[in-house]
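So the chains spell out like this:
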Amino acid sequence: MLVFENVTVRYGSFTALKDLTLELRHGELMTLLGPSGCGKTTTLRVAGGFIVPDEGRVLLEGRDITALPPEKRPTSTVFQNYALFPHMSVGENVAYGLRVRGVPRAQRQRRAEEELERVGLSGYASARVQDLSGGQQQRVALARSLILGPAVLLLDEPLSSLDARLRLRMRAEIRELQKRVGITTLYVTHDQEEALSISDRVTVMHDGRLVQTGTPREVYFSPADDFVRDFIGDSFPYTLDGRRILLRPDQVVPNADGPFIGRLLSREFLGASSQWLIDCQGQTLRALLPSRSEPEAAVGSEVRFSLILNEE
Amino acid sequence: MSFIMKMSAVRKKALTPAEALLWAFAAALLAAFVVWPVGSVLAESFMKNGQFSLRAYEGLFTKNVRLVLDSFALALSVAALSVPVSAAVALRLVYGPNRGRSVIVAALALSTISPPFLCSMAYLMLFGKRGLITWRLLGMSWNPYGFHGVLMMEVLSLTGLTSLLVAASLDRVDGEVERASLDLGASPLATLMRVSLPLALPGIGAAALVVFVRSLSDFGTPLFVGGRFQVLASRAYNTLIGVGDFQLACAMNVLLLIPALAVLFVRSSGGKSTALGLARRRTLRLPPLAMAVPSAVAWTFAVMQFLVYGLIFLGSVTRTWGVDFTPTSRHLAGILDFRAESVVRSLACSLAAGLGGCLLASVLAFLLARAPRCVRRCVQVVADLPYLIPGTFFGVGYLLAFTRLPFELATGFVIGASCLFRQLSPVLRAAEAGLAQVEDSLWSAVRDLGGGPLRVLRDLLLPLLYPFLRLGFLNTFSAAMTTTGPVIFLVSPYARVASIELFEAINEGDFGGASAMGSLLVVIVACVNGLAWRLGRGRKEDGVSDARI
């Protein structure tokens, strides 16, 4: 539906996006995941029309929109700090897109009220945006974007300015709303857990390049390379049969008939899980076990374990 | 994320054709109306009959040493007296109780919206040859003229401005730091002395420099109450008006320029705008005993200000000051009959200067936000220059630059332009501050929701900049209505302005006419200020007060 074709963006001598090719499917939520400066926000801005790529094309439903300015694109962005207009009320903010399009006042007020209701803010139309909490501002920004019925919704780290608890709730709300509206969504985040939990598909980016696109399970269980394996989930290096690999702690499973033998260095209680450090022929492995079914083993004693090597 | 923001900033650097055009336009205006006039004065001071000559400077440092020394001694004394008084008033404003604060601020504001020599007139009305107190009540003939009179009057008329400057710098001291000091066990007084005042010191220093420069460039007060005591500014005025010696007058003005440049330097190294938001709550509460002195000083000062304006108003509605106090409307009627044209011209020039200043400042602020730092600094210095140099310097510059043109410029236009560019600096700062609060993402949001560039201007920039521009407009308008130094050489017998009428009425000893004109000016400026504040109050205002969400 939304297609990036060999898109390259340069800032002076710095190349922010290198030959990116990516396709969003109808109605899916795709996250762009990667560390700071990996090009994910640049990708979002290219989609929104704020940056015109130096090379490549952007297609929407087969139509070339590469040079279309933001105001002419059927895309809508929820900005990182929401960018709510401080001099307009909640209702005016939400109705702004309709006002620009010349929709009569009564009609746009009604539509704004509907949109506010959809995000759970009915009755807030005349409130000042400054008086809202972070989560409420987030919802106003969503409503303001959705009122135009955009073809693609672009979210730029929408949860980064919320506290941890609220982040979990808004994450679920955004996902629920996205599914209900059925809107194709591109979602930028640097938080892997957020990406894994919310996405239909995840695109991992690094140094301006696309590294891997896949379902959350695919990128977690079958990472394309060590960067993805290291960036998504926990991992540590291990040399097996002369080959250096990255292992995740949940691949190390202590059990009585495991083929490997090591010595338990320490056990650490982390709440729901416990972490074991196991020494095996001079190498240290980490294992993560559910605390409630953690086997009895004394620190310093020998333990047997197996490695789950063939991932999905 | 900041990394990406930097990147997008880099991207913006390429000038669009429209921006290049605006740059050319703005640069041409600054060159024509700031650089050229100022340069003309510099050049003229070295020229005698078209030849390079140091005659004027030689004269200044041989024959007129006394004049130079007197000028600086006066300015130093004014600063030395004004700063402690300002500090006391500022302490009362910032740390004192809320009750009565607005009354004191009103008193300070009164003196900033009227010509500096209005006090001198009130002084002469009380203590002059026909003074109410000295002549009528005490029947004595006391000589009010001289150094002491000038000193007192300049302190009285300049302390309003310095008090607001010092209060603003005290107000900017972070309340968190004061709370930390209190939390660590320092008493309120110790906190004030060791934390707040030292932090406000750069601002207080800047205020001292400002009052020093204002005193140096004030020619009206020495002219009216100096008697035989003269300073560079008043002598420069006489040299030009009476003798017509352009070179010497210019050289005197150049000498006055040096301290102004010092202020420019101080401002560029950390001085900030002077917006006053005294409504903020302060944790630091000074003990009543410590507040007693600042309170007393502040109230004394406020009462004196009101007294001055009360006297002037009284003078405008009574027949002959000191002789016949029968109520009359003839002074006001006289203005309507003979000087209405000047008042209208003043209004027109001031309105045009205010609006034009806002427009130019907005365009400049927009361009500067995207310009490299060195270009920004450079433009700011050029914009600051007319604001800081003596008014007469700027006026002489306009006289030299625009009356020797092969074609004739309308007097009103030249006067309006001088007012606009003289006050451009604070307007530019206001516009820059306003623009700084319009975050990039807000621009993007308008575009994203379907608004084109015009929508950005109409729905976002204008409403958000409005309160800042209004402040800038009022500043220019008020200054333009009451200015004398920059325009006194520009008026002609056929095209005069109200402030110059006032100046000349005092000069001729016509207290009735002067009082009436002074009252009228103060009322007009106060009304326009009130009107502008009223316009656009309401919801829009709330949004801007804490635009960061």
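1. Things to note about the sheet that holds strand E15 (residues 273–280) of chain A
Residue and element names in this part refer to chain A.
Part 1: Pairing is antiparallel in the open sheet, where 5 strands are placed in the order E13-E17-E14-E15-E16. Unpaired on one side and paired on the other, strand E13 (252–254) and strand E16 (283–290) mark the two borders of the sheet. Adjacent strand axes in the sheet meet at a mean angle of 45 degrees when their direction is disregarded.
Part 2: Pairing analysis gives 6 bridges linking strand E14 (residues 260–269) to E15, with the strands arranged antiparallel. Looking at the pairing, Arg263 lines up with Asp279 of E15.

2. So, the sheet that holds strand E4 (residues 55–60) of chain A
All names here are of chain A.
Part 1: Ordered in space as E2-E1-E4-E5, the 4 strands form an open sheet in which the pairing is antiparallel. Strands with a single pairing partner mark the edges of an open sheet, and in this sheet they are strand E2 (14–24) and strand E5 (63–64).
Part 2: As paired strands, strand E1 (residues 2–11) and E4 are joined by 5 bridges and run antiparallel to one another. Looking at the pairing, Phe4 lines up with Val58 of E4.

3. What about helix H14 (residues 288–317) of chain B?
Part 1: With 30 residues, H14 of chain B ought to run about 44 Å at 1.5 Å a step, and its terminal C-alpha atoms sit 42 Å apart, in line with that.
Part 2: What H14 of chain B keeps buried is the set Pro294, Val297, Ala298, Phe301, Ala302, Gln305, Val308, Tyr309, Ile312, Gly315 and Ser316 of chain B.

4. With respect to the pairing of strand E8 (residues 184–189) of chain A
All names here are of chain A.
Part 1: Among the 6 residues of E8, 6 are classified as buried, and the element is accordingly described as predominantly covered.
Part 2: Burial along E8 is two-sided: the face carrying Thr184, Leu186 and Val188 and the face carrying Thr185, Tyr187 and Thr189 are both buried.
Part 3: Alignment of strand E3 (residues 29–33) against E8, held across 5 bridges, turns out to be parallel. Residue pairing in the sheet places Leu32 in a bridge with Val188 of E8.
Part 4: Two strands pair when backbone bridges link them, and strand E7 (residues 152–156) and E8 are joined in this way by 5 bridges, in the parallel orientation. Across the sheet, residue Val152 finds its bridge partner in E8, namely Thr184.
Part 5: On the question of chirality, the crossover connecting E7 to the parallel E8 by way of helix H5 (residues 164–181) is right-handed.

Cut-off values and rules
Residues numbered from 1 in each chain as written. Chains lettered and ligands numbered in written order. Predicted model: local features only at pLDDT ≥ 70, side-chain atom pairs only at ≥ 80, totals over all residues. Pairing = 2+ DSSP bridges. Helix = DSSP H or I, 4+ residues; strand = E, 2+ residues; numbered from the N terminus. Axes fitted to C-alpha atoms, helices over the stretch in contact; angles between N-to-C directions. Expected span 1.5 Å × (residues − 1). Buried ≥ 20, exposed ≤ 12 C-beta atoms within 10 Å, placed from the backbone. Right-handed = clockwise from strand over helix to strand, strands pointing away.

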